[in-house]
Amino acid sequence: MHYMFLIYNCKDRPHPGDPRFEEILTRVNAFADECRRRGAFVAGDPLKPVTTATTVRVRDGKALLTDGPFAETHEHLGGYYLLDCRDLDEALELAEMIPQAHFGSTIEVRPVDHIPGLNHGVA
């Protein structure tokens, strides 16, 4: 079953040039390698800062565009993993291994809903 791991509150993540960057990059790559070793890795990426977001709403057939995220909140979505896990127990085990969880991020784990006849998504 596929699970989406939503990583919140990553705004203080180190960037290249920061002394912590190499350590965290090594840990993130090791996590991805472990997921690949288990055959669980489907996808995962960090997101650009929330300041780059554009929100789209359609009302009465017209698109309304707003700079910024959908909700004003202190915890912003900073990245994700999509993993194929045996069950919720494995998903929660992997969530605890996500390096960002050890640096103050919150990890939300949600099963992906497979709807018969829906013609998109990862098989």
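Quick note: structure is the one above.
Residues numbered from 1 in each chain as written. Predicted model: local features only at pLDDT ≥ 70, side-chain atom pairs only at ≥ 80, totals over all residues. Heavy atoms only, no water.

## Quick word on the overall build of the protein
Thought 1: Helix and strand counts for the protein stand at two helices and six strands.
Thought 2: Its helices and strands in sequence order give the protein the pattern β-α-β-β-β-β-α-β, from N to C terminus.
Thought 3: In the protein, which comprises 123 residues, the share counted as buried stands at 27%.
Thought 4: Sequence-distant contacts in the protein: of pairs separated by 6 or more residues, those separated by 24 or more amount to 74%.
Thought 5: Counting only carbon and sulfur atoms, one obtains 55% of the accessible surface of the protein, whose full area is about 8600 Å². (Helix = DSSP H or I, 4+ residues; strand = E, 2+ residues; numbered from the N terminus. Buried < 20%, exposed > 50% of the residue type's maximum accessible area, 1.4 Å probe, protein only. Contact = heavy atoms within 4.5 Å. Areas by Shrake-Rupley, 256 points an atom, 1.4 Å probe, with all protein chains shown as cover.)

## Section: the sheet that holds strand E1 (residues 2-8)
Thought 1: Taken in spatial order, the four strands make up an open sheet running E2-E5-E1-E6, and their pairing is antiparallel. A strand with exactly one partner marks an edge of an open sheet, and here the two such strands are strand E2 (41-46) and strand E6 (106-111). When strand polarity is set aside, the average angle formed by the axes of neighbouring strands in this sheet is 15°.
Thought 2: Bridge count between E1 and E6: six bridges; the pairing is antiparallel. Paired with Met-4 across the two strands is Arg-110, which belongs to E6.
Thought 3: Helix H1 (residues 21-37) rests against E2 and strand E5 (77-84) of the sheet, and its axis sits at about 25° to E5. (Pairing = 2+ DSSP bridges. Axes fitted to C-alpha atoms, helices over the stretch in contact; angles between N-to-C directions.)

## Regarding the packing of aromatic side chains
Thought 1: Overall, the coordinates contain one aromatic pair when judged by the stated rule.
Thought 2: Consider the rings of Phe-31 and Tyr-81, whose centres lie 5.0 Å apart with planes at 70°: the pair is edge-to-face. Pair noted here: Phe-31 is in helix H1 and Tyr-81 is in strand E5, with a separation of 50 residues, a long-range link. Side by side, Phe-31 and Tyr-81 carry an identical accessibility label, which is buried.
Thought 3: A cation sits over an aromatic face here: Arg-36 above Phe-41, 4.2 Å from the ring centre. (Phe/Tyr/Trp six-rings, centres within 6.5 Å; stacked < 30°, edge-to-face > 60°. Lys NZ or Arg CZ within 6 Å of the ring centre and 35° of its normal.)

## Observations regarding the pattern of salt bridges
Thought 1: For the structure on display, the rule yields nine salt bridges.
Thought 2: Between Arg-27 and Glu-23 there is a salt bridge, and its shortest N-O distance comes to 3.6 Å. Pair noted here: Arg-27 and Glu-23 are both in helix H1, with a separation of four residues, about one helical turn.
Thought 3: Residue classification places Arg-27 among the partly exposed residues on the basis of a relative accessible area of 34%.
Thought 4: Classification of Glu-23 by relative accessible area gives partly exposed; the value is 43%.
Thought 5: A salt bridge links Arg-38 to Glu-93, with the shortest nitrogen-to-oxygen separation between them at 2.7 Å. On the criterion of sequence distance, the pair formed by Arg-38 in the loop between H1 and E2 and Glu-93 in helix H2 (residues 88-97) is long-range, its members being 55 residues apart.
Thought 6: For Glu-93, a relative accessible area of 35% gives the class partly exposed. (Salt bridge = Lys/Arg side-chain N within 4 Å of Asp/Glu carboxyl O.)

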